[in-house]
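Read off the chains here:
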Amino acid sequence: MNILWNVALLLTLLLAGVSCRQAQDIKAFTEAKYSLHSVRGIKLNGIDVEQRIQERSGFSNEERDSLLTAVTSNSLEVSAVLALHVDMLEPGENERSLTITRLRWLLEVDGEEALTGTIDETMVLHEGLNQLPIATPVGLAADGNMPNYTGLSRLITLLGQQADIRERVKLKIKPTLKTPVGNIESPAFITVSKPAGVMAFFR
């Protein structure tokens, strides 16, 4: 599906009079490999997660209950700086960039959708390492019209076991791209390589 979408996007842009280079740059970013190198300055509803990592103190039972309540009531907010690396499948002769006007994200646990949110901030991606300050609400993934508690339950169980959960979670993103013919959302989620920094906190 992504291949067909990329071809359709390229043809649309070219027919709309967009330069071949602009169209190729957009196509290159839709086909790129994305990996999360680190996450800094993480705060969950004002709780400094980075400080907890340094002190190896973890969340108290009261804080976990508070965060769970915030998730189920759609009042959880996360802020952080993401170090996102973009690897192009084919090298380009000139520096390439892409503007994203909106970014939907999804966290899966053991293949089950758990948490989701939307970053309504304009971000400019470059080939290589990108430092992206973000703020996003966190909500439960939906199963049809109903909240899906299964993924969240699995996540809470893993966190309670103090286990290394990096191999059991998957981060996906769905960007909305700024193009000369308007904003275009990716038709499918793009899988980001396993994060390291955040998950190490929950070992």
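Report on the accompanying structure.

Conventions and cut-offs
- Residues numbered from 1 in each chain as written.
- Predicted model: local features only at pLDDT ≥ 70, side-chain atom pairs only at ≥ 80, totals over all residues.
- Heavy atoms only, no water.
- Helix = DSSP H or I, 4+ residues; strand = E, 2+ residues; numbered from the N terminus.
- Buried < 20%, exposed > 50% of the residue type's maximum accessible area, 1.4 Å probe, protein only.
- Contact = heavy atoms within 4.5 Å.
- Areas by Shrake-Rupley, 256 points an atom, 1.4 Å probe, with all protein chains shown as cover.
- Polar contact = N/O pair within 3.5 Å; in protein donor to acceptor, adjacent residues only side chain to side chain.
- Salt bridge = Lys/Arg side-chain N within 4 Å of Asp/Glu carboxyl O.

Looking at the overall build of the protein
Inference 1: Along the backbone of the protein there are 6 helices and 12 strands.
Inference 2: Burial status across the protein gives 42% buried among its 203 residues.
Inference 3: Expressed as a percentage of contacts within the protein between residues at least 6 apart in sequence, the contacts between residues at least 24 apart total 69%.
Inference 4: Taken as a whole, the protein presents about 11,100 Å² of accessible surface, with 51% of it coming from carbon and sulfur.

Quick notes on the environment of Ser79
Inference 1: Within the secondary structure, Ser79 is located in strand β3 (residues 76-87).
Inference 2: Considered as a pair, Ser79 and Lys43 are 36 residues apart in the sequence and their alpha carbons are 5.3 Å apart.
Inference 3: When neighbours within four sequence positions are excluded, Ser79 is seen to be in contact with Gly41, Ile42, Lys43, Ile134 and Ala135.

Describing unusual backbone geometry
Inference 1: One non-glycine residue, Asn45, adopts positive backbone phi at about 45°.
Inference 2: Examined against the element boundaries, Asn45 turns out to sit in the loop between β1 (33-44) and β2 (47-48).
Inference 3: The partly exposed category is assigned to Asn45, whose relative accessible area is 39%.

Focus: the side chain of Asn130
Inference 1: Mapped onto the fold, Asn130 is located in strand β7 (residues 128-140).
Inference 2: A distance of 2.7 Å separates a polar atom in the side chain of Asn130 from the backbone nitrogen of His126.
Inference 3: Reaching out from Asn130, the side chain makes a polar contact with the backbone oxygen of Gly128 at a distance of 3.1 Å.
Inference 4: Here Asn130 is in contact with Leu82, Ala83, Leu84, Val86, Val124 and Leu125, once residues within four sequence places are set aside.

Description of the pattern of salt bridges
Inference 1: Under the counting rule described, the total for this entry stands at 4 salt bridges.
Inference 2: Here Glu127 ties to Arg96 by a salt bridge, and the two come within 3.5 Å at their closest N and O atoms. With Glu127 in the loop between β6 (123-126) and β7 and Arg96 in the loop between β3 and β4 (97-109), the pair connects residues that are 31 residues apart, well separated along the chain.
Inference 3: With its nearest N and O atoms 3.1 Å apart, the salt bridge here joins Arg102 to Asp120. Of this pair, Arg102 sits in strand β4 while Asp120 is found in the loop between β5 (112-119) and β6, placing the two residues 18 residues apart along the sequence.

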